[in-house]
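Spelled out, the chains give:
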Amino acid sequence: MNVQITRIDKSQKELFLNLYNLYLYDLSEFSGEDLLEEGKFDPTNTYLYLERAELHPFFIHYDGMVIGFLLVCSPPYVDEDIDFTVQELFLVKKYRGQGLAAQAVDLVFAQFQGRFKVEQLANNQSAVSFWRKYYEQHHIEYVESEYSIEIENIAGSHRILSQTFVRARTE
């Protein structure tokens, strides 16, 4: 399987925001988010990924075609004791369940080392299962915690599962 990642740049903003809208659509099943009047979801501050050096947006490619994205944050956009967070991971549905996301995560992790945090909405069992399987297959020891947050512009409190672990750079 030919999975690659490339850093998203400003010239790809429209493609990125279109995919991000699909991501929010998928996530709405778990977040309860509603559409805006114009029929899109609210991409609040998503454009910052294309403007800030501390934010690391990557497209995921399969056989030369963009099929998703992976977003990584570093200080000051992470908790004090964390070096990086995997903020969002998205694949278009037809490419899921084939090991492509795990390959993309491998490629991204190869670029960073340090203390990581990954979060999922607790009711998004597909995401929770993906990450737990990834940790198991890669022999990553992690500490999991659970807490509730409020998401801007979405009613109610949401349970979050969070895993932290140290990732050394692999050569």
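Because the structure is a prediction, the values reported are computed rather than measured. (Residues numbered from 1 in each chain as written. Predicted model: local features only at pLDDT ≥ 70, side-chain atom pairs only at ≥ 80, totals over all residues. Heavy atoms only, no water.)

**Q** I'd like a description of the side chain of Ser74, backed by residues and values.
**A** By the secondary structure assignment, Ser74 is in the loop between strand S3 (65–73) and strand S4 (84–91). Within the structure, the side chain of Ser74 is placed 3.1 Å from the side chain of His56, a separation counted as a polar contact. (Helix = DSSP H or I, 4+ residues; strand = E, 2+ residues; numbered from the N terminus. Polar contact = N/O pair within 3.5 Å; in protein donor to acceptor, adjacent residues only side chain to side chain.)

**Q** Got a sec to walk through the packing of helix H2 (residues 100–109) against helix H3 (residues 125–137)? Specific residues and values, please.
**A** Between H2 and H3, the least distance of the axes is 11 Å, while the angle of their chain directions is 60 degrees. Judged on the interaxial angle alone, H3 and H2 are oblique. Viewed along their axes, H2 and H3 form a crossing whose handedness is right-handed. Residues Ala101, Ala102, Val105, Asp106 and Phe109 of H2 touch H3, and the partners they reach there are Phe130, Trp131 and Tyr134. (Axes fitted to C-alpha atoms, helices over the stretch in contact; angles between N-to-C directions. Parallel < 35°, antiparallel > 145°, perpendicular 65-115°, else oblique. Left-handed = near helix turned anticlockwise from the far one by under 90°. Contact = heavy atoms within 4.5 Å.)

**Q** If you had to explain the confidence of the model for the protein to someone new, which residues and values would you point to?
**A** A residue-level look at the protein finds 94% of positions with pLDDT of 70 or above and a mean pLDDT of 90. Across the protein, element-level confidence peaks in strand S2 (residues 55–62) with a mean pLDDT of 98 and bottoms out in strand S6 (residues 143–150) with 86. (pLDDT = per-residue confidence, 0-100.)

**Q** I'd like a rundown of helix H1 (residues 13–31), residues and numbers included.
**A** Remark: the principal bend of H1, roughly 25 degrees, maps to Tyr25. Along H1, the positions that sit buried rather than exposed are Phe16, Leu19, Tyr20, Tyr23, Leu24, Asp26, Leu27, Ser28, Phe30 and Ser31. The secondary structure elements touched by the buried residues of H1 are S2, S3, S4, strand S5 (114–121) and strand S7 (157–167). Immediately downstream of H1, the backbone of Gly32 shows phi near 80 degrees, a positive value. (Bend = angle between axes of the 7 residues up to and from the residue. Buried < 20%, exposed > 50% of the residue type's maximum accessible area, 1.4 Å probe, protein only.)

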